[in-house]
Amino acid sequence: MSPAAGEVQVDVEGRTLTISNLDKVLYPRTGTTKGEVLNYYAQVSPVLLPHLVDRAVTRIRWPHGVQGSSFFEKNAPAGTPSWVRTHEVPTTGSRSGKGEGTIRFPICDDLATLTWLANLAALELHVHQWTVDDDGRPRDPDRLVIDLDPGEPAGLHECAQVALMVRDALAERDLGCTPVTSGSKGLHLYAPMPGGKDSLDSDGTTALAKEVAEELQKEHPDLVTSVMTKAKRPGKVFLDWSQNSGSKTTISPYSLRGRERPTAATPLTWDEVKEGAEDELALEQFSMEQVLERVTDLGDVFEA
């Protein structure tokens, strides 16, 4: 430990990292420090990393804590260690990338890379719905996601009600789905997509998600909207189908959020969603401590 520099060198799976400012408070409301954030990501890594494997990671960084300014970062920053896996990816996320540039994304598939990102105060880890092949080319998406975003005064209670509707609509299309709290306000629903000859590209999954959203808006106009205009959202749940676009990303399950409290995106069971739909006080966004307790007790319910 170097008191003057506030740095410590640690060995993470054979990689030597220099970690700095462990006592720096990143969440002033709860007093949560950078050291505690690093500890969370280390403990949750066994269930988090499988959701990041082969996915280009967009980070949101809060170098001065969540009370300060933040910035999105897609490219691997200057000083990225040589051992961090990176890939040049077309900016559109399309296979061809014609007429487009590329971004050199980091791929976070090990604890050392995760620790390095957390040390940069990359609190939020966002990923696309597609993975990259060995050459860095985006594959067809392996999942469809629908973001349930409540407009006040609607909240998680209404999101849970709509989530059950979305689940039924996807089941009619022979798709299952897994619910995940966003760590912010709403819920995300992930549906694995078939590969091979039946696979859809990002345009196809976007169209499918939009079809479901518009169908439910028509059936439940007082509760559901598929329209992005914020003025039309109060009291309704917006089904954001656009996150299936090749260029869009969604917060990864188990990633922290840069909110007042250190909440994290958390996979749920459908029994929990049903309870939340019946009782408006049954569901909440989970803190990082609660997430670790859930993982200890339940494992990764997303995989289950």
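Note that the coordinates shown come from a computational prediction; the quantities given were computed from them, not determined experimentally. (Residues numbered from 1 in each chain as written. Predicted model: local features only at pLDDT ≥ 70, side-chain atom pairs only at ≥ 80, totals over all residues. Heavy atoms only, no water.)

Peer 1: What is the right way to look at the nonpolar core in this model?
Peer 2: Generally speaking, a soluble globular protein has its nonpolar side chains buried in company with each other. By size, the foremost hydrophobic cluster in this structure holds 73 residues, and its most contacted members are Tyr40, Tyr41, Val44, Leu125, Leu148, Val166 and Leu239. With 10 residues, the single largest contributor to this core is helix 3 (residues 156-171). In this view, Leu148 contacts Cys159, Val162, Ala163, Gly186, Leu187, Leu189, Val237, Phe238 and Leu239; residues no more than four positions away in its chain are not counted. Formed by 7 residues, the second largest nonpolar core is a distinct cluster that contains Ala56, Ile103, Trp130 and Val132. (Core = buried A, V, L, I, M, F, W, Y, C linked by side-chain atoms within 4.5 Å. Buried < 20%, exposed > 50% of the residue type's maximum accessible area, 1.4 Å probe, protein only. Helix = DSSP H or I, 4+ residues; strand = E, 2+ residues; numbered from the N terminus. Contact = heavy atoms within 4.5 Å.)

Peer 1: Is there a simple way to think about the packing of aromatic side chains in this case?
Peer 2: The way to describe two aromatic rings as a pair is by their centre distance and the angle between their planes. Applying the stated rule across the entire model yields 2 aromatic pairs. Plain terms: the ring middles of Tyr40 and Tyr41 are 5.3 Å apart, the flat faces sit at 65 degrees to each other, and that makes the pair edge-to-face. On the basis of relative accessible area, Tyr40 is assigned to the buried category, the value being 1%. By relative accessible area, Tyr41 is classed as buried at 2%. When the ring centre of Phe286 is taken as origin, the NZ or CZ atom of Arg294, which lies over that ring, is 4.6 Å away. (Phe/Tyr/Trp six-rings, centres within 6.5 Å; stacked < 30°, edge-to-face > 60°. Lys NZ or Arg CZ within 6 Å of the ring centre and 35° of its normal.)

Peer 1: I'm lost on the packing of helix 1 (residues 34-48) against helix 6 (residues 288-298) in this one. Help?
Peer 2: The description of two packed helices rests on the angle between their axes and on the distance between the axes. Here helix 1 crosses helix 6 at 25 degrees, and the two axes come no closer than 10 Å. Regarding the angle of helix 1 to helix 6, the classification is roughly parallel. In this structure, helix 1 meets helix 6 at a crossing whose hand is left-handed. Along its contact with helix 1, which presents Glu36, Tyr40, Gln43, Val44 and Val47, the element helix 6 presents Met288, Val291, Leu292 and Val295. Split into classes, the residues belonging to the contact of helix 1 with helix 6 amount to 7 nonpolar, 1 polar and 1 charged. (Axes fitted to C-alpha atoms, helices over the stretch in contact; angles between N-to-C directions. Parallel < 35°, antiparallel > 145°, perpendicular 65-115°, else oblique. Left-handed = near helix turned anticlockwise from the far one by under 90°. Nonpolar A, V, L, I, M, F, W, Y, C, P; charged D, E, K, R; others polar.)

Peer 1: Quick question: what am I supposed to make of the sheet that holds strand 15 (residues 250-251) here?
Peer 2: Pairing between the strands of a sheet comes from backbone hydrogen bonds, and it takes one of two forms, parallel or antiparallel. As summarised here, the arrangement of the 4 strands in space is 6-5-9-15, forming an open sheet in which the pairing is antiparallel. Unpaired on one side and paired on the other, strand 6 (71-73) and strand 15 mark the two borders of the sheet. Here strand 9 (residues 122-127) pairs with strand 15 via 2 bridges, running antiparallel. For Val127, the partnering residue across the bridge sits in strand 15 and is Thr250. (Pairing = 2+ DSSP bridges.)

Peer 1: Please explain the pattern of salt bridges as it appears in this structure.
Peer 2: A side chain of one charge can pair with a side chain of the opposite charge when the charged atoms of the two come close. One pass over the full model with this rule turns up 14 salt bridges. A salt bridge links Arg55 to Asp142; the nearest nitrogen and oxygen atoms lie 2.8 Å apart. Taken as a pair, Arg55 in the loop between helix 1 and strand 5 (57-61) and Asp142 in the loop between strand 9 and strand 10 (143-150) lie far apart in primary sequence, 87 residues in all. Through salt bridges with shared partners, one network takes in Asp54, Arg85 and Asp109. (Salt bridge = Lys/Arg side-chain N within 4 Å of Asp/Glu carboxyl O.)

Peer 1: Looking at this model, I keep getting lost on the side chain of Ser242. Mind explaining?
Peer 2: Positionally, Ser242 belongs in the loop between strand 14 (237-240) and strand 15. At a separation of 2.6 Å, a polar atom in the side chain of Ser242 contacts the side chain of Asp240. Contacts of Ser242, omitting those with residues within four sequence positions, involve Met228 and Lys248. (Polar contact = N/O pair within 3.5 Å; in protein donor to acceptor, adjacent residues only side chain to side chain.)

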